Amino acid sequence: MSSFAWTQIRTRALIERMSTSKKVITRVDWEKKLNDVKIRKEDMNKLVMNFLVTEGFVEAAEKFKMESGTEPDIDLATITDRMAVKKAVQCGNVDDALEKVNDLNPEILDTNPQLFFHLQQQRLIELIRNGKVEEALEFAQEELAPRGEENETFLEELERTVALLAFEDFSNCPVGELLDISQRLKTASEVNAAILTSQSHEKDPKLPSLLKMLIWAQNQLDEKSTYPGINNLVTAVLEDPAV
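Residues numbered from 1 in each chain as written. Predicted model: local features only at pLDDT ≥ 70, side-chain atom pairs only at ≥ 80, totals over all residues. Heavy atoms only, no water.

Chemist: Whenever I open this one, the overall build of the protein confuses me. Can you help?
Modeler: A count of helices and strands for the protein gives twelve helices and four strands. Against the 2.2 N^0.38 benchmark of 18 Å for 243 residues, the protein shows a C-alpha radius of gyration of 27 Å, more extended than a compact globule. Taking all 243 residues of the protein together, the buried fraction comes to 32%. Partitioning the intrachain contacts of the protein with sequence separation of at least 6 by distance along the chain shows that 54% fall at a separation of at least 24. (Helix = DSSP H or I, 4+ residues; strand = E, 2+ residues; numbered from the N terminus. Rg over C-alpha atoms; globule rule 2.2 N^0.38 Å. Buried < 20%, exposed > 50% of the residue type's maximum accessible area, 1.4 Å probe, protein only. Contact = heavy atoms within 4.5 Å.)

Chemist: Is there a simple way to think about the packing of helix H6 (residues 94-104) against helix H8 (residues 113-129) in this case?
Modeler: Each pair of packed helices can be summarised by the angle the axes make with each other and by the distance between the axes. Contact geometry of H6 with H8 gives a least axis separation of 9 Å together with a crossing angle of 155°. One finds that H6 runs roughly antiparallel with respect to H8. Counted together, Val94, Asp95 and Leu98 of H6 and Phe116, Leu119, Gln120, Gln122, Arg123 and Glu126 of H8 form the full contact between these two elements. Partitioned by chemical class, the residues of the contact of H6 with H8 number four nonpolar, two polar and three charged. (Axes fitted to C-alpha atoms, helices over the stretch in contact; angles between N-to-C directions. Parallel < 35°, antiparallel > 145°, perpendicular 65-115°, else oblique. Nonpolar A, V, L, I, M, F, W, Y, C, P; charged D, E, K, R; others polar.)

Chemist: Can you help me understand the environment of Asn151 in this one?
Modeler: Within the fold, Asn151 resides in the loop between helix H9 (133-150) and helix H10 (152-162). For Asn151, a relative accessible area of 26% puts it in the partly exposed group. Spatially, the C-alpha atom of Asn151 lies 9.8 Å from that of Gln114, the residues being 37 residues apart in sequence.

Chemist: Help me out: how do you make sense of helix H4 (residues 58-68) in this one?
Modeler: An α-helical turn contains 3.6 residues, so any two residues separated by three or four positions project in the same direction. The set of residues buried in H4 consists of Val58, Ala61 and Phe64. The buried residues of H4 occupy an angular sector of 125° when the element is viewed end-on, so they sit on one face. Among the exposed residues of H4, those oriented more than 90 degrees off its buried face are Glu59, Lys63, Met66 and Glu67. The inward-facing, buried residues of H4 contact helix H3 (41-55) and helix H5 (77-90). (Arc of directions from axis to C-beta.)

Chemist: Where do I start with a nonpolar patch on the surface in this structure?
Modeler: A cluster of nonpolar side chains, namely Leu207, Leu210, Leu211, Met213, Ile215 and Leu233, defines an oily patch on the protein surface of about 470 Å² accessible area. Position of Leu233 relative to the elements: it lies in the loop between strand E3 (229-230) and strand E4 (238-239). Given a relative accessible area of 36%, Leu233 falls into the partly exposed group. (Patch = residues over 30% accessible without salt bridge, like charges linked within 9 Å, V, L, I, M, F, W, Y side chains within 5 Å. Areas by Shrake-Rupley, 256 points an atom, 1.4 Å probe, with all protein chains shown as cover. Salt bridge = Lys/Arg side-chain N within 4 Å of Asp/Glu carboxyl O.)

Chemist: Teacher, can you tell me more about the confidence of the model for the protein here?
Modeler: Overall, the predicted model of the protein reaches an average pLDDT of 87, with 91% of residues at or above 70. Across the protein, the secondary-structure element scoring lowest on mean pLDDT is helix H1 (residues 3-20), at 51, and the one scoring highest is H8, at 96. (pLDDT = per-residue confidence, 0-100.)

Chemist: What exactly am I supposed to notice about unusual backbone geometry here?
Modeler: Glycine aside, the phi torsion of most residues is negative, and most peptide linkages are trans. The phi torsion at Ser200 lies on the positive side, around 60°, for a residue other than glycine. Residue position: Ser200 is located in the loop between helix H11 (181-198) and helix H12 (206-222). Its relative accessible area of 72% is what places Ser200 among the exposed residues. Non-glycine residue Ala236 carries a positive phi angle of around 55°. Residue classification places Ala236 among the partly exposed residues on the basis of a relative accessible area of 45%.

Chemist: Is there a simple way to think about the packing of H8 against H9 in this case?
Modeler: Packing of H8 against H9 leaves a shortest axis separation of 9 Å and a crossing angle of 165°. In terms of orientation, H8 lies roughly antiparallel with respect to H9. Both H8 and H9 take part in a crossing whose hand is left-handed. Together, Phe116, Phe117, Gln120, Gln121, Arg123, Leu124, Leu127 and Ile128 of H8 and Glu135, Ala136, Phe139, Ala140, Glu143, Leu144 and Arg147 of H9 make up the contact between the two elements. Per-class residue counts for the contact of H8 with H9 are nine nonpolar, two polar and four charged. (Left-handed = near helix turned anticlockwise from the far one by under 90°.)

Chemist: What is the right way to read the environment of Asp169 from this model?
Modeler: Looking at the element boundaries, Asp169 is found in the loop between H10 and H11. One polar contact links Asp169 to Asn172, side chain to side chain, over a distance of 3.0 Å. (Polar contact = N/O pair within 3.5 Å; in protein donor to acceptor, adjacent residues only side chain to side chain.)

Written out as C-alpha cells, the structure reads:
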C-alpha cells in the first residue's frame, strides 16, 4: 500500500473519529448551567402538593399546606373518601367499594361502563378466591354475561376469569395472575383515577412524568455529550461520567 493511500485511510479514520466524538462538559460548567435555570419555590411546592393529593397522602398534604402555605386544588376531605374506596378494593371488599363510590358520585359508574365491569369482575374474582363456586357462577351469568354480550372485550375478560373455576390448584392455572394482589391494585388504581377525573383533577401525579422526561432528556444528551448526570433519582446527586 502506497504512503498516499495509507494517509487517506488515516485521514478518513480521523475525520470519522472527530465526527462521532462527544462534547465534554465539565462539572463546573454543568453546575453553572443548572444554577442559571431559575425555578420558583412556589412551583416546586405546587408540584409536591399535586403528588400528595393525587396519591392520597392526606395527612402529609395537610401538614405540607400548613408549613408551606400551598393550597391544594381540591378539598382535602375528599381524599379520605377516595382512599377509603381504594383501600376497600385493595382488601377485596368490592361491595363496600361500590357503595362508597356511589356515595361520592353516582355518575362515576353510570358514565364509565368499563370501570363498572372491572369492579364486577373483581367481585367475581373474590367469590372464586373464597371458594364460592355456585355463587360465582350465578353472579357471572346474571351480572357479567349480559355485559359481555354487548362488548367483545368484556366477554374475553369474563371468559378468562371464569376459567379459574376449572382449576383446583390455582398455581397451575394459566390465568392465575387474576388472583394476585396486583389485580386488586390495578382495579383500585382505575377507581382512584376515575374519582380524580370526576373531581376535575389529574388522574396521574405530575412528578413521575417529569422524572420520565429527565431520563429521556439525559438519554438524548448521552448521544452527543459527556457530562455529570443523575443516575440515582432517589439521591439526585450529579455523578461524573465513567472514563
